[in-house]
Amino acid sequence: MTPHGFAIAATLAGQAIVTLALSGVLLIWQGQVAATSAVLGGLTALVPNAFLAGRLLRAGMGEGGKPLLRAAWIGEIGKLVITAILFAVIFARVRPLEPLAVFGGFIAAQLVIFGALLFDSGASDRRITKN
C-alpha cells in the first residue's frame, strides 16, 4: 500500500472509530435513538468519502495528472450527490430520529479529515526536506 493509500485508509478508519465512539457516548447519555442517529450521520460522511477515496486511488495508478484530476472532479461530485441522497433517505424514512445526533455524527466524522491533514502535514514537511 502506498503512503497515500495508507493515509486514506487510516482516515476512513478514524471516521468509523469517531462515529462509533460518539454513538457509544450518546447511547449511555441519551439512549438508543440518539446513538443510532449518530451512526447514521457518521455513515453519511464515511460512505461518500470512501467513494471519493476509491476514485482517487484507482486514478492514482494511471499515468499523468489528467486522469487524477478527472477522478477528483467526478469523485467530489459523486460525494456530494451521495451525501444529499443519504441525508434525504435518513430524514424521509428513519423514525424515530434525533436530528442533532445525525448532524453531530456527520460533523464529527468530517472533522477527522482535518485532523488527518494536520497530522499528515508534518510528515509531508519531513519528506520535502529530506529530498
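Presented here is a report on the structure given in the accompanying data block. (Residues numbered from 1 in each chain as written. Predicted model: local features only at pLDDT ≥ 70, side-chain atom pairs only at ≥ 80, totals over all residues. Heavy atoms only, no water.)

## With respect to unusual backbone geometry
Thought 1: Omega for the bond connecting Arg95 with Pro96 falls within 30 degrees of zero, at -10 degrees, which places this linkage in the cis form.
Thought 2: Position of Pro96 among the secondary structure elements: in the loop between helix H3 (66–93) and helix H4 (99–130). (Helix = DSSP H or I, 4+ residues; strand = E, 2+ residues; numbered from the N terminus.)

## Some thoughts on the side chain of Thr19
Thought 1: In this structure, Thr19 sits in helix H1 (residues 3–29).
Thought 2: By relative accessible area, which is 6% here, Thr19 ends up buried.
Thought 3: With near-sequence residues (within four places) excluded, Thr19 lies in contact with Ala38, Val39, Gly42 and Ala109. (Buried < 20%, exposed > 50% of the residue type's maximum accessible area, 1.4 Å probe, protein only. Contact = heavy atoms within 4.5 Å.)

## Points about the packing of aromatic side chains
Thought 1: Applying the stated rule across the entire model yields four aromatic pairs.
Thought 2: Centre to centre, the rings of Phe87 and Phe91 are 6.2 Å apart; their planes meet at 25 degrees, and the pair counts as stacked. Of this pair, Phe87 and Phe91 both sit in helix H3, separated by four residues, roughly a single helical turn.
Thought 3: You can call Phe91 partly exposed: its relative accessible area is 28%.
Thought 4: Through a chain of ring-to-ring contacts, the aromatic side chains of Phe87, Phe91, Phe103 and Phe106 assemble into a single cluster. (Phe/Tyr/Trp six-rings, centres within 6.5 Å; stacked < 30°, edge-to-face > 60°.)

## Side note on the nonpolar core
Thought 1: Ala45, Phe87, Ile90, Leu97, Val102, Phe106 and Ala109 together form the largest nonpolar core, which totals seven residues.
Thought 2: Where this core is concerned, the elements lending two or more residues are H3 and H4.
Thought 3: It is H4 that contributes the most residues to this core, three residues altogether.
Thought 4: Look past the residues within four positions of Leu97 in its chain and what remains in contact with it is Val33, Ser37, Leu40, Ile90, Phe91 and Val102. (Core = buried A, V, L, I, M, F, W, Y, C linked by side-chain atoms within 4.5 Å.)

## Brief notes about the environment of Leu26
Thought 1: By the element assignment, Leu26 lies in helix H1.
Thought 2: For the pair Leu26 and Ala38, spaced 12 residues apart in sequence, the C-alpha separation works out to 7.9 Å.
Thought 3: With near-sequence residues (within four places) excluded, Leu26 lies in contact with Gly31, Ala34, Ala35, Ala38 and Ala101.

## A closer look at H3
Thought 1: Its 28 residues place the ends of H3 40 Å apart at the C-alpha level, agreeing with the 40 Å of an ideal helix rising 1.5 Å per residue.
Thought 2: All buried positions along H3 are accounted for by Ala71, Gly75, Gly78, Lys79, Thr83, Phe87 and Ile90. (Expected span 1.5 Å × (residues − 1).)

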